Structures are given as C-alpha cells and as structure tokens.
Amino acid sequence: MASVENEAKKIASTYARWLRNPEDALFGKGGEGCVSAMYKRIKEAHTKDEIREILNLSQYQMERNTMNDLTRFINDLNNKINPMSDEEAVKFVIEVFRYFQIALATKLHDMNRGLWM
C-alpha cells in the first residue's frame, strides 16, 4: 500500500504545481470547484467506468486554463488506473484526489502569502 500511496502523492503534487489557478479548481465561482465536486463523487464510485465518467471534465464549470491543466492530470490518472482492478483503481483515485486537494490548498495559501508566483 505504501507504494500506491507514494504514487498518489507524486501525481497529486506534480499536477498541483502545474495548475495555474488552484482557487478555480477548488472553489470555482460558487464555492465548490470541479476538483471538490469530483472528489465527492469519486468516493461513491465502485468501478473504473464510473471513475472515468466522473473524471469527464466537460460536465464541470471552470476556466479554460484550469480545463487545460486538469486535462493532462486526468489523462495521466486514466493511464495509471488502466491496468488496475476496479477496487484498486477506486482506492488509488481517492488517494490521488485527497492529496491533490491538500496540495492545491497549500499552493493557494502560499500564493496568498506571496510565496508563490
């Protein structure tokens, strides 16, 4: 499990660094951004097909830059879960999104303090 957790952290931190607008991803315009909405739905998923449906970005409202940044993240995530069983994939994606939200919130906090440009 440690290697799965490490892989989840690695993907989450990498894409959180690349995401240009963490506030849009986390909070959007109405308080719940696409990342938060996806995480809520992923926790209810049972199969890879359900995960892929939830990760379809076209159903969420976000800025164009956020869409572009998250597209790379979602493509990489889908590639990672392809060889996994449904159960492994669900656990992995939940872990990735848990760490992704933490990394985005940390980045946003640092940006607001002027530590990240």
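Residues numbered from 1 in each chain as written. Predicted model: local features only at pLDDT ≥ 70, side-chain atom pairs only at ≥ 80, totals over all residues. Heavy atoms only, no water.

For the protein, an unreviewed UniProt entry supplies the name CRISPR type III-B/RAMP module-associated protein Cmr5 and the organism Sulfuracidifex metallicus DSM 6482 = JCM 9184.

A. Helix 5 (residues 64-81), seen in detail. The end-to-end C-alpha distance of helix 5, which contains 18 residues, comes to 26 Å, matching closely the 26 Å that a straight helix rising 1.5 Å per residue would cover. Every buried residue of helix 5 is accounted for by Thr66, Asp69, Leu70, Phe73, Ile74, Leu77, Asn78 and Ile81. (Helix = DSSP H or I, 4+ residues; strand = E, 2+ residues; numbered from the N terminus. Expected span 1.5 Å × (residues − 1). Buried < 20%, exposed > 50% of the residue type's maximum accessible area, 1.4 Å probe, protein only.)

B. Highlighting the packing of helix 5 against helix 6 (residues 86-112). Relative orientation of the contacting elements helix 5 and helix 6 amounts to 150°, with a least axis distance of 10 Å. By the angle class used here, helix 5 and helix 6 are roughly antiparallel. The interaxial crossing formed by helix 5 with helix 6 has right-handed handedness. From helix 5, Leu70, Phe73, Ile74, Leu77, Lys80 and Ile81 reach across to helix 6, where they touch Ala89, Phe92, Val93, Val96, Phe97 and Phe100. Considered class by class, the residues forming the contact of helix 5 with helix 6 number 11 nonpolar, no polar and one charged. (Axes fitted to C-alpha atoms, helices over the stretch in contact; angles between N-to-C directions. Parallel < 35°, antiparallel > 145°, perpendicular 65-115°, else oblique. Left-handed = near helix turned anticlockwise from the far one by under 90°. Contact = heavy atoms within 4.5 Å. Nonpolar A, V, L, I, M, F, W, Y, C, P; charged D, E, K, R; others polar.)

C. View of the pattern of salt bridges. For the structure shown, the criterion picks out 10 salt bridges. The shortest N-O distance in the salt bridge between Arg113 and Asp110 comes to 3.9 Å. The class of Arg113 is exposed, set by a relative accessible area of 52%. A network of salt bridges, in which partner residues are shared, links Glu7, Lys10 and Lys80. (Salt bridge = Lys/Arg side-chain N within 4 Å of Asp/Glu carboxyl O.)

D. Spotlight on the packing of aromatic side chains. Inspection of every chain in the model, using the stated rule, returns five aromatic pairs. Note on Tyr15 and Phe73: the rings are 5.4 Å apart at their centroids and 50° apart in plane angle, and the pair reads as tilted. Here Tyr15, found in helix 1 (residues 2-18), pairs with Phe73, found in helix 5; they are 58 residues apart in sequence, far enough to count as distant. Exposure class is identical for Tyr15 and Phe73. Each is buried. (Phe/Tyr/Trp six-rings, centres within 6.5 Å; stacked < 30°, edge-to-face > 60°.)

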